[in-house]
Amino acid sequence: MSSSFSNQSITAIVAATESMGIGLNGGLPWKLPGEMKYFARVTTGENPSSNPNEQNVVMMGRKTWESIPEKFRPLKNRKNLVISGKGIDVANATNTSTYNSVPSALNSLSSSSSSESRVFLIGGSQLYESSLTSIPPLVNRVLLTRILKPEFECDSHLEDFTCHEENGKKIWKKSTHEELEDWLGFQVNEENEEKNTTYKYEMWVLNDQ
Ligand SMILES: NC(=O)c1ccc[n+]([C@@H]2O[C@H](COP(=O)([O-])OP(=O)(O)OC[C@H]3O[C@@H](n4cnc5c(N)ncnc54)[C@H](OP(=O)(O)O)[C@@H]3O)[C@@H](O)[C@H]2O)c1
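Here is a short report on the structure shown in this document. Residue positions are given per chain, counting from 1 as you read along its sequence in written order. Confidence filtering applies because this is a predicted model: local features only for residues at pLDDT of at least 70, side-chain atom pairs given and counted only at 80 or more, and all residues used for totals across whole chains, interfaces and linings. For the side-chain quantities, the full set of heavy atoms in the structure was used; hydrogens and water were omitted.

Summary of the distance rule: residues count as near a molecule or strand when at least one heavy atom falls within 4 Å of that molecule or strand. For the ligand, the set of nearby residues contains 26 residues, the closest of which are Ala 15, Arg 62, Thr 64, Ser 84 and Ser 125. Whenever two N or O atoms come within 3.5 Å, that pair is a polar contact, provided that in protein one can donate a hydrogen and the other can accept it, and provided that, for residues adjacent in sequence, both atoms are side-chain atoms. Here an oxygen atom of the ligand and a side-chain polar atom of Arg 62 are 2.7 Å apart. In the complex, the protein chains occlude 85% of the 930 Å² of accessible area that the ligand would expose alone. Helical segments are the DSSP runs of H or I of at least four residues, strand segments are the runs of E of at least two, and each set is numbered from the N terminus. Of all the secondary structure elements, the ones that give two or more residues to the shell around the ligand are β1 (10-17), β2 (21-23), α2 (62-67) and α4 (125-132). Using a 1.4 Å probe, accessible areas were evaluated by the Shrake-Rupley method; residue-level cover was limited to the displayed protein chains.

Below is the structure:
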């Protein structure tokens, strides 16, 4: 990939069960308002600029875009990039562009977005799979919300990237909770419970960092 953005940090953010289930019937298997707030706070950043080119970026697959209720999309105060090989019309959505590949989306950022902006890959399974399991991975950080209990029924799963190895060495390592909070710039409970669901916030980074 030739984009200068490809040299910058790209963070995947995903919530997954212990068996790496992430979706059901085109949507999320759970409704966790606290976790949604965490997602919004992290991806928006603390003081979003009114200038779209200085806002954080959320990149998503076409099906994830379509899974967001119309009244909530585009995700506000963030630059929305939708990846669709066959093409999708997003002309009516503000601050939203569509690209037919991840490299072309990243290229567009290298010329338009501030290098201070954080880039988040927000799903779904197809986009996570290609960016987490490629060697080297396209993303260099994963914010993983581990849904511990209950084990929700899912029809979309991820490979367990945390176990991936190259030449006998684990590709990913788990950061401490303090390292997660440092990167976030705010404090957050590690373990959480809402609606009879327990989950914890984790951060994984490439092992060579
Ligand atoms: N738990 C979580 O954190 C989380 C987060 C996000 C989504 N999800 C769930 O994930 C599920 C959706 O995942 P999904 O895999 O079905 O859909 P997806 O990855 O959101 O979208 C798939 C579509 O995106 C386009 N696409 C993806 N990768 C591409 C690439 N490398 N190059 C070109 N186009 C690409 C293609 O669009 P075209 O067909 O238009 O070519 C493809 O059909 C839903 O259940 C959703 O709720 C869960």
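After that view of the structure, there is still more to cover.
Now for the nonpolar core. For this analysis, a nonpolar core means a set of buried residues of the types Ala, Val, Leu, Ile, Met, Phe, Trp, Tyr and Cys, connected via side-chain atoms within 4.5 Å. Each residue is assigned to one of three classes by its accessible area relative to the maximum for its type, calculated with a 1.4 Å probe on protein chains only: buried under 20%, partly exposed between the two thresholds, exposed over 50%. By size, the foremost hydrophobic cluster in this structure holds 31 residues, and its most contacted members are Tyr 38, Val 42, Phe 120, Ile 122, Leu 143 and Leu 184. Counting residues per element, the ones that place at least two in this core are β1, α1 (33-44), β3 (57-61), β7 (141-149), α5 (177-184) and β13 (197-206). Considering each element in turn, this core owes the most residues, 4 residues, to β13. For Ile 122, the residues in contact, after removing those within four places along its chain, are Ile 13, Phe 39, Thr 43, Val 58, Met 59, Met 60, Thr 64, Leu 75 and Tyr 128. Any two residues having at least one pair of non-hydrogen atoms within 4.5 Å are treated as being in contact.

Considered for burial, the residues of helix α3 (residues 102-112) that qualify are Val 102, Ala 105, Leu 106, Ser 108 and Leu 109. The arc that holds the buried residues of α3, viewed along the axis, is 155 degrees, so those residues lie on one side. Looking at the buried positions of α3, the neighbouring elements they touch are β1, β3, β4 (79-83), β5 (96-99), β6 (119-121) and α4. Within this analysis, the arc is defined by the directions that extend from the helix axis to the C-beta atoms.

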